[in-house]
Amino acid sequence: KNLLDRLTQLYVNLDSEEFAQAVAGDQRSYKKELFDDAAKHLQKTLLKTESEICRFKAFAAKVERKVAENAALEEDYDDAPDEFKDPLMMTLMQEPVILPTSGKIMDRPVITRHLLNSDTDPFNRQPLTTDMLKPATELKMQIEKWLKSRRSKSK
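In this text the structure is predicted, and so the values were computed from the model without any measurement.

1. Remarks on unusual backbone geometry
Okay, so step 1: At Leu-46, a position not held by glycine, the phi torsion is positive, near 60°.
Okay, so step 2: Position of Leu-46 among the secondary structure elements: in the loop between helix H3 (32-45) and helix H4 (50-76).
Okay, so step 3: Since its relative accessible area comes to 71%, Leu-46 is described here as exposed.
Okay, so step 4: Phi is positive for Arg-125, close to 60°, though the residue is something other than glycine.
Okay, so step 5: On the secondary structure map, Arg-125 appears in the loop between helix H5 (108-117) and strand E3 (134-135).
Okay, so step 6: Arg-125 sits in the exposed class, given a relative accessible area of 53%.

2. Quick look at the sheet that holds strand E2 (residues 105-107)
Okay, so step 1: The three strands lie next to each other as E2-E1-E3, forming an open sheet whose pairing is antiparallel. The sheet is open, and its two borders are formed by E2 and E3, each paired with just one other strand.
Okay, so step 2: For strand E1 (residues 96-98) and E3, the ladder comprises two bridges, and the chain directions are antiparallel. Residue pairing across strands places Val-97 opposite Pro-135, the latter belonging to E3.

Basis of the calculations
Residues numbered from 1 in each chain as written. Predicted model: local features only at pLDDT ≥ 70, side-chain atom pairs only at ≥ 80, totals over all residues. Heavy atoms only, no water. Helix = DSSP H or I, 4+ residues; strand = E, 2+ residues; numbered from the N terminus. Buried < 20%, exposed > 50% of the residue type's maximum accessible area, 1.4 Å probe, protein only. Pairing = 2+ DSSP bridges.

Below, the structure is given as structure tokens:
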């Protein structure tokens, strides 16, 4: 009960568009069903006031909207060139970075999430830290150019 109370309070206190996007983007731990179950448990156990539960549910709804927006974007970019996609997640890279230990390019959020669990390059298991990542600025410009041309075609 205490843990649920604290966790839900964190979500409510950190409620913002940016935080909702971060939660929605965490494909490993975000599940709508968990938020729904937490809200039901809060109501059943009276851990929170009705107002606090409403704020938690509003945050959960905001996260779910972000999940839907992210899914729509990914569907729209299925035809992106392979070199524009993250090699692990196969999603369009927003912030490509070079892994100096393998020379591979990944999206910063994806490799950052990997480095939370393992301090190694996923391609060769050499030691790797976030401060070693180098921006792939040329590739980022190519991706932005591709996106811009794609958006102008769809108008």
